[in-house]
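Architecture at a glance
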Amino acid sequence: MAHITDQANACVAALHPYQPGKPVSELQRELGLTRISKLASNENPLGPSPLVAEAIRGELTETARYPDGNGFALKTALAAKHGVELSQITLGNGSNDVLDIIARVFLGPERSGMFSQYGFAVYPISIQAVGANAQVIPAKDYGHDLDAMLAQIDDSTRVVFIANPNNPTGTSLGVDAIDRFLHAVPDGVVVVLDEAYIEYTDSDFPDGTRWLANHPNLIVTRTFSKAYGLASMRVGYALSSAAIADLLNRVRQPFNVNSIALAAACAALCDADFLSESVALNTQGMAQFEAGFSKLGLDWIPSVGNFITVDLGRDAAPLFDALLALGVIVRPVGNYGLPNHLRISIGTEEENAHCIEALTTVLAG
Ligand SMILES: *Cc1c(COP(=O)(O)O)cnc(C)c1O
């Protein structure tokens, strides 16, 4: 007898689902712990800006109505922020949604999507879900090897996904490297610069929007999930040529960003002080972890994001479990081919201290 699961598209049957960070409530339920530090999903430890709660409250009586499917208010604010036209913006239910939309527009059977070894785990899912082939290019020093990626582009390649900074390694690419890549890439290949962590980087860090005017095949993606502290609201967006945005908006669900999320994102954009405070806390926390790792004799991958991936020099899986028992949730990255590493999101000073203390205990035990 045919089993219903045999009826799934082969590309879907072969997919490995995304593994999210363990929720705090789950660990509470399982172990009954009271002190839990979740440093697993690169969230803002300060929460969202206080302006966000106010904006959300203002929307609570409007939920019987469909949201503005064009997201006019948010797009207007984003257009001003980035110096682009409204017609160049595609809103997403998180930037993950935008990545899926890109795959649905440009990928499919007989086509390939390219990304780097240690690239973001969502890329293979988006690529394979539409029946396309994944071209995974070996990394260089845990980061993107753009020359190798260029060399591997073939007639089937339609989209190249590049996270800058990269998750889970925190590595980054400079202006010249990206500039050279964009000039060398064939016109018919879409380049996605995923800038989920750009708010945490220095002022000389390449902002992908600088290339939009001259590269109609470029898509820059951003999110409100990280520095803006809105991970649960699910808001992200793509900036591109108007021609690409038109294509993306054809397959976008008409109401993919809800009204509460739209209002929250608008409010978050208004609070520059909160963003600076979040970035400053991250800088301090990064130094705190680096000092802690040094003391423990551990190596790490230098990161420009809001997380740091540490090399424990042995199988990290049992240490991950031991950390959980002590109330510290971090992220195993064995699924990325980094079985000895753990990715740790930068938290508050107290959460970071909890993590370093727990790490000291489990490494000694
Ligand atoms: C977190 C993250 C995203 C953003 O995901 P959302 O769907 O916007 O929450 C995108 N790209 C990378 C590399 C990330 O780490």
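Structure report, in brief. (Residues numbered from 1 in each chain as written. Predicted model: local features only at pLDDT ≥ 70, side-chain atom pairs only at ≥ 80, totals over all residues. Heavy atoms only, no water.)

1. Describing the packing of helix α3 (residues 50-59) against helix α10 (residues 259-270)
Between α3 and α10, whose axes approach to 8 Å, the crossing angle comes to 150 degrees. The orientation of α3 with respect to α10, classified from their angle, is roughly antiparallel. Judged by the twist between their axes, the crossing of α3 over α10 is right-handed. For the pair formed by α3 and α10, the contact residues are Leu51, Val52, Ala55, Ile56 and Glu59 on the first element and Ser259, Ile260, Ala263, Ala264, Ala267, Ala268 and Cys270 on the second. For the contact of α3 with α10, the class distribution of residues is 10 nonpolar, 1 polar and 1 charged. (Axes fitted to C-alpha atoms, helices over the stretch in contact; angles between N-to-C directions. Helix = DSSP H or I, 4+ residues; strand = E, 2+ residues; numbered from the N terminus. Parallel < 35°, antiparallel > 145°, perpendicular 65-115°, else oblique. Left-handed = near helix turned anticlockwise from the far one by under 90°. Contact = heavy atoms within 4.5 Å. Nonpolar A, V, L, I, M, F, W, Y, C, P; charged D, E, K, R; others polar.)

2. Considerations on the site of the ligand
Looking at the ligand, the residues that line it are Gly94, Ser95, Asn96, Phe120, Asn167, Asp194, Ala196, Tyr197, Thr223, Ser225, Lys226 and Arg234. Between the ligand and Ser225, the relevant distance is 2.6 Å, taken from an oxygen atom to a side-chain nitrogen or oxygen of the residue. Protein coverage of the free-state accessible area of the ligand, which is 380 Å², stands at 93%. Looking at the shell around the ligand residue by residue, the class counts come to 3 nonpolar, 6 polar and 3 charged. (Near = heavy atom within 4 Å. Polar contact = N/O pair within 3.5 Å; in protein donor to acceptor, adjacent residues only side chain to side chain. Areas by Shrake-Rupley, 256 points an atom, 1.4 Å probe, with all protein chains shown as cover.)

3. Structural notes on the side chain of Asp271
By the secondary structure assignment, Asp271 is in the loop between α10 and α11 (272-296). No salt bridge is formed by the buried Asp271; the nearest opposite charge belongs to Arg57, separated by 12 Å. A polar side-chain atom of Asp271 sits 2.7 Å from a polar atom in the side chain of Ser49. Non-local contacts of Asp271, meaning those with residues more than four positions away in its chain, are made with Ser49, Pro50 and Leu51. (Buried < 20%, exposed > 50% of the residue type's maximum accessible area, 1.4 Å probe, protein only. Lys, Arg positive; Asp, Glu negative; His and termini not counted. Salt bridge = Lys/Arg side-chain N within 4 Å of Asp/Glu carboxyl O.)

4. Considering the nonpolar core
Ranked by internal contacts, the top residues of the largest apolar core, which has 47 residues, are Leu74, Ile162 and Phe224. For this core, the leading source of residues is α10, giving 7 residues. Residues contacting Ile162, with those up to four places away along its chain left out, are Tyr123, His144, Leu146, Met149, Leu173, Phe181, Val191, Val192, Leu193 and Asp194. Residues Val310, Leu312, Leu319 and Val362 belong to the second largest nonpolar core, which totals 28 residues. (Core = buried A, V, L, I, M, F, W, Y, C linked by side-chain atoms within 4.5 Å.)

5. Overview of the sheet that holds strand β2 (residues 89-92)
Read from one edge of the open sheet, 7 strands run β2-β8-β7-β6-β5-β3-β4, paired in mixed fashion. Taken across any chain shown, the strands that pair with only one partner, and hence form the sheet edges, are β2 and β4 (133-137). Between one strand and the next, the sheet's axes are offset by a mean angle of 20 degrees, whatever the strand orientation. Of the strand pairs in this sheet, strand β3 (residues 112-116) and strand β5 (residues 157-163) are connected by 3 bridges, and their pairing is parallel. Counterpart to Ser112 in the pairing with β5 is Thr157. Its contacts with the sheet place helix α4 (residues 72-82) against β2, β7 (218-223) and β8 (236-240), and it is angled at close to 125 degrees to β2. (Pairing = 2+ DSSP bridges.)

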